[in-house]
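Each chain, written out:
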Amino acid sequence: MDALINVNGEQVQALQILFITTLLTLLPSMVIMMTSFTRYVISFSFLRSAMGLQQNPPNMVLVGMALFLTLFTMSPVVDEINEQAYQPYSAGEITQEEFLQRAEKPLKEFMARQTETSSLELFCDLAQVEAPEEESQIDELPLRLLVPAFVTSELKRAFMIGFYLYLPFVLIDVVVASTLMSMGMIMLPPSMISMPFKLLLFISLNGWELLFSTLVRGFN
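Keep in mind the model is a prediction, meaning the values are calculated, not measured. (Residues numbered from 1 in each chain as written. Predicted model: local features only at pLDDT ≥ 70, side-chain atom pairs only at ≥ 80, totals over all residues. Heavy atoms only, no water.)

With respect to the pattern of salt bridges
Where charged atoms from two side chains of opposite charge approach closely, those side chains can pair. Taken as a whole and judged by the stated rule, the model has five salt bridges. Between Glu104 and Lys108 there is a salt bridge, with the nearest N and O atoms lying 3.5 Å from each other. Of this pair, Glu104 and Lys108 both sit in helix α4 (residues 96-114), four residues apart, which is roughly one turn of the helix. Overall, Glu104 belongs to the partly exposed group, its relative accessible area being 27%. Relative accessible area serves as the criterion here: at 8%, Lys108 is assigned to the buried category. (Salt bridge = Lys/Arg side-chain N within 4 Å of Asp/Glu carboxyl O. Helix = DSSP H or I, 4+ residues; strand = E, 2+ residues; numbered from the N terminus. Buried < 20%, exposed > 50% of the residue type's maximum accessible area, 1.4 Å probe, protein only.)

Let's talk about the packing of helix α3 (residues 59-90) against α4
Axis separation between α3 and α4 bottoms out at 9 Å; the angle between their running directions is 165°. The angle between α3 and α4 places the two elements in the roughly antiparallel class. Crossing of α3 against α4: the hand is right-handed. Between α3 and α4, the contacting residues are Met74, Val77, Glu80, Ile81, Gln84, Ala85, Tyr86, Pro88 and Tyr89 on the first element and Gln96, Phe99, Arg102, Ala103, Pro106, Leu107, Glu109 and Phe110 on the second. Of the residues in the contact of α3 with α4, the class split is 12 nonpolar, two polar and three charged. (Axes fitted to C-alpha atoms, helices over the stretch in contact; angles between N-to-C directions. Parallel < 35°, antiparallel > 145°, perpendicular 65-115°, else oblique. Left-handed = near helix turned anticlockwise from the far one by under 90°. Contact = heavy atoms within 4.5 Å. Nonpolar A, V, L, I, M, F, W, Y, C, P; charged D, E, K, R; others polar.)

Overview of α3
Here α3 spans only 37 Å end to end across 32 residues, well under the 46 Å set by a 1.5 Å rise per residue. The sharpest bend along α3 comes to roughly 60°, located at Met74, with the proline Pro76 sitting one to four residues further on. Along α3, the positions that sit buried rather than exposed are Leu62, Ala66, Leu69, Thr70, Thr73, Met74, Val77, Ile81, Ala85, Pro88 and Tyr89. In the segment just after α3, Gly92 is the residue with positive phi, at about 80°. (Expected span 1.5 Å × (residues − 1). Bend = angle between axes of the 7 residues up to and from the residue.)

Concerning the nonpolar core
Ranked by internal contacts, the top residues of the largest apolar core, which has 41 residues, are Tyr40, Phe44, Leu47, Leu107, Phe110 and Met111. Contributions of two or more residues to this core are made by α2 (37-50), α3, α4, α5 (117-126), α6 (143-182) and α8 (207-217). Broken down by element, the residue count for this core peaks at nine residues, all from α6. Aside from chain neighbours lying at most four places away, what touches Phe44 is Leu62, Met65, Ala66, Leu69, Leu211, Phe212 and Leu215. (Core = buried A, V, L, I, M, F, W, Y, C linked by side-chain atoms within 4.5 Å.)

Re the side chain of Thr35
Mapped onto the elements, Thr35 comes out in the loop between α1 (14-34) and α2. On the basis of relative accessibility, which here comes to 10%, the residue Thr35 falls in the buried class. The residues touching Thr35, leaving out its near neighbours within four places in the chain, are Met30, Thr70, Met74, Phe110 and Phe150.

Details of the environment of Met30
Mapped onto the fold, Met30 is located in helix α1. What makes Met30 partly exposed here is its relative accessible area of 27%. In the structure, Met30 is positioned 117 residues away from Val147 in sequence and 9.6 Å away in space, judged by C-alpha atoms.

Digging into the packing of aromatic side chains
As enumerated under the stated definition, the model contains 10 aromatic pairs in all. Here the aromatic rings of Trp208 and Phe212 are separated by 5.8 Å at their centres, their planes lie at 35°, and the arrangement is tilted. Highlighted residues: Trp208 and Phe212, both in helix α8, separated by four residues, approximately one helical turn. Under the relative-accessibility criterion, Trp208 is labelled partly exposed at 30%. Using a relative accessible area of 23% as the deciding quantity, one classes Phe212 as partly exposed. (Phe/Tyr/Trp six-rings, centres within 6.5 Å; stacked < 30°, edge-to-face > 60°.)

Here we look at the layout of surface pockets
By volume, the second largest pocket is sized at about 420 Å³. What lines the second largest pocket is a set of 18 residues, among which Ile161, Leu165, Leu210, Leu211 and Thr214 lie closest to the centre. Where the lining of the second largest pocket is concerned, the elements lending two or more residues are α2, α6, α7 (190-204) and α8. Per-element tally for the lining of the second largest pocket: the top contributor is α6, with six residues. (1 Å grid on protein atoms, 1.4 Å probe; cavity = no way out; pocket = protein on both sides within 12 Å on 5 of 7 lines; lining within 4 Å. Points joined across faces, edges and corners; volume = space filled by probe spheres on them.)

Brief notes about the environment of Phe159
Position of Phe159 relative to the elements: it lies in helix α6. Overall, Phe159 belongs to the partly exposed group, its relative accessible area being 48%. For the pair Phe159 and Arg39, spaced 120 residues apart in sequence, the C-alpha separation works out to 8.6 Å. Every residue in contact with Phe159, bar those within four places of it in the chain, is listed here: Ile42 and Phe46.

Written out as structure tokens, the structure reads:
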């Protein structure tokens, strides 16, 4: 493990290459489970379902929007990790263990701010660990407890957002269905008539900007 590999004229330890490879393998899971990505992509999926759209916007567009909004939201955390952990590590001032300790601290602080007390107490109880009494002590918990509690809180918030997104569009469906029923047009699908009204409502309210701003501000 102490052998050195020559890469572009530089001496790189085999252990360091293994560490970087493992980190890149876990990166997609980290992005999904430890950032704001989950709330964004689930909210967009609920919006598409509420409007009755099947493939518009496509999944690739929804994931792309969620990813870039995640980068925007997580930029302060990424900058702190870069300054406090990556730059000293790349300069050889700290070890890999110190790098991991410094890198996980900003992520823990971010997740702690977004984690609900009930979710945290649940997983602390399952792990038979005493839950922190103060919010400032939450980031001292190990990631094995903080990450599932954070994801549970994010799923709860995302489904609440989906509920609020559904309400106005369901109301349009009810009005259209009642109107068609009163006119005797039973065979005409209500979704065919309600779709233009849903699009008109969303466009008139500048829906995308309203949704983006609400989601981003929810993390601040």
